[in-house]
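An overview of the molecular structure
As a plain string of letters, each chain reads:
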Amino acid sequence: MGKKILLIDDDALLRRSLAFNLEQNGYSVQTAASAEDGLKRATLDRPDLVLLDIGLPGMDGLEALRHLRDLVNAPVIMLTARRRELDEVLGLELGADDYVTKPFDLDVLLAHIKAVLRRAAQPQAAPASEPLRVGDLLIDPAAHSASLAGKPLELSPREFDLLTLLASRAGTLVTTEEILSTVWGEGFEGQPQVVYVHIRWLREKIEAQPDNPRRIVTVRSLGYKYVPEEAA
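Summary of the structure given here. (Residues numbered from 1 in each chain as written. Predicted model: local features only at pLDDT ≥ 70, side-chain atom pairs only at ≥ 80, totals over all residues. Heavy atoms only, no water.)

A closer look at the overall build of the protein chain
- Scanning the protein chain for helices and strands turns up eight helices and 12 strands.
- For the protein chain, with 232 residues in total, the buried portion stands at 44%.
- Of the contacts formed within the protein chain by residues at least 6 apart in sequence, a portion of 57% connects residues at least 24 apart.
- Carbon and sulfur atoms form 51% of the exposed surface of the protein chain, whose accessible area is close to 12,100 Å². (Helix = DSSP H or I, 4+ residues; strand = E, 2+ residues; numbered from the N terminus. Buried < 20%, exposed > 50% of the residue type's maximum accessible area, 1.4 Å probe, protein only. Contact = heavy atoms within 4.5 Å. Areas by Shrake-Rupley, 256 points an atom, 1.4 Å probe, with all protein chains shown as cover.)

A few points about the sheet that holds strand β2 (residues 28-32)
- Across the sheet, five strands lie side by side as β2-β1-β3-β4-β5; this open sheet has parallel pairing. Of all strands in the sheet, those bounded by a partner on one side alone are β2 and β5 (98-101). Strand-to-strand, the axes of this sheet are offset by a mean angle of 20 degrees, without reference to chain direction. (Pairing = 2+ DSSP bridges. Axes fitted to C-alpha atoms, helices over the stretch in contact; angles between N-to-C directions.)

With respect to the side chain of Arg203
- Within the secondary structure, Arg203 sits in helix α8 (residues 192-206).
- Here Arg203 is buried and forms no salt bridge, its nearest opposite-charge partner Glu207 lying at an N-O distance of 4.8 Å.
- Not counting chain neighbours up to four residues away, the residues in contact with Arg203 comprise Pro210, Pro213, Ile216, Val217, Thr218 and Tyr224. (Lys, Arg positive; Asp, Glu negative; His and termini not counted. Salt bridge = Lys/Arg side-chain N within 4 Å of Asp/Glu carboxyl O.)

Description of the sheet that holds strand β10 (residues 174-175)
- Within the open sheet, the three strands sit side by side as β10-β12-β11. Their pairing is antiparallel. Either end of the sheet is taken by a strand with one partner, and the two such strands are β10 and β11 (216-219).
- Taken strand by strand, helix α6 (residues 157-168) contacts β10, β11 and β12 (223-226), and its axis lies near 70 degrees from that of β12.

Topic: the packing of helix α2 (residues 35-44) against helix α3 (residues 61-71)
- Closest axis-to-axis distance for the α2/α3 pair is 10 Å, and the angle between their directions is 10 degrees. By the angle between their axes, α2 is roughly parallel relative to α3. Each of Ala35, Leu39, Ala42 and Thr43 in α2 lies in contact with α3, whose residues at this interface are Ala64, His67, Leu68 and Leu71.
- Its residues assigned to classes, the contact of α2 with α3 comprises six nonpolar, two polar and no charged. (Parallel < 35°, antiparallel > 145°, perpendicular 65-115°, else oblique. Nonpolar A, V, L, I, M, F, W, Y, C, P; charged D, E, K, R; others polar.)

Some thoughts on the pairing of strand β3 (residues 49-53)
- The buried fraction of β3 amounts to five of the five residues, a majority that puts the element mostly inside the structure.
- Alternating positions in β3 separate into two faces, Leu49, Leu51 and Asp53 on one and Val50 and Leu52 on the other, with burial throughout.
- Inspection of the sheet shows strand β1 (residues 4-8) paired to β3 by four bridges, in the parallel sense. Within the sheet, the bridge partner assigned to Leu6 lies in β3 and is Val50.
- By the bridge criterion, four bridges tie β3 to strand β4 (residues 76-80) in an arrangement that is parallel. Across the sheet, the residue bridging to Val50 is Val76, located in β4.
- The β-α-β motif built from β3, the intervening α3 and the parallel element β4 has right-handed crossover chirality. (Right-handed = clockwise from strand over helix to strand, strands pointing away.)

Some remarks on the side chain of Gln193
- Within the secondary structure, Gln193 sits in helix α8.
- Polar contacts involving the side chain of Gln193 include one to the side chain of Tyr99, which spans 3.1 Å. (Polar contact = N/O pair within 3.5 Å; in protein donor to acceptor, adjacent residues only side chain to side chain.)

Some remarks on the environment of Leu153
- Here Leu153 shows up in the loop between β9 (151-152) and α6.
- When the C-alpha positions of Leu153 and Ile206 are compared, they lie 7.9 Å apart, and in sequence the two are 53 residues distant.
- Once residues lying within four places of it in the same chain are set aside, the contact partners of Leu153 are Leu137, Ala146, Ser147, Leu148, Leu163, Lys205 and Ile206.

Quick notes on the nonpolar core
- Grouped together as the largest cluster of nonpolar side chains are 26 residues, with contacts concentrated most on Leu137, Leu153, Leu163, Leu166, Ile179, Ile216 and Tyr226.
- Elements with a contribution of two residues or more to this core: β7 (137-140), β8 (145-148), α6, α7 (176-184), α8 and β12.
- No other element matches the six residues that α6 contributes to this core.
- Of all hydrophobic cores here, the second largest spans 20 residues; its members include Ala32, Ala42, Ala64 and Ala96. (Core = buried A, V, L, I, M, F, W, Y, C linked by side-chain atoms within 4.5 Å.)

It is worth stressing that arrangement in space is one thing and function is another; only the former is reported here.
Here's what the structure looks like:
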């Protein structure tokens, strides 16, 4: 039997047609018209991947994503008709693995599904365990914690990985493409807006003046560089 996909979308026609086409391509498909029903189905029969619409009635897709992350260890692809960039990036920040904007071509969706399932099947490398100190910044990968000038930083997982990458290469350029490849992985090539938004959020947490950054410096048209500052 093929990989199990759970499709959560309130569009009945889309559910029927997409479920049929996915099954024709070898997948086993369950569907749900609401987030609440989808969460129940995910708990009863754990899927290998979830296709989750953002614009659901009742509990929306972003809220459902939070609950899915607590319930099942399965990758999630967000389906969104909203073209606002922030909706898509927010879904990724909350833990979605990818997103596809409606209306989508079936072949495009199938390519995303295959890429996400392939990434999920790859063994994850063990993270570095040695603490990293760069000026007044201390990062402890084993504890997944970071502090700046002795004050703990409240970072999302993506922000933590992004800061760790930049700090580990302090003083040198890290290109936007390298950040995408290292922090987000295969399937996010050509989506620099994801990096731009996370850099902005990270600056708001570590810069004294986020609009005039001194720690995370933009190297125009290329990428970013972390510039250490010593403790006062």
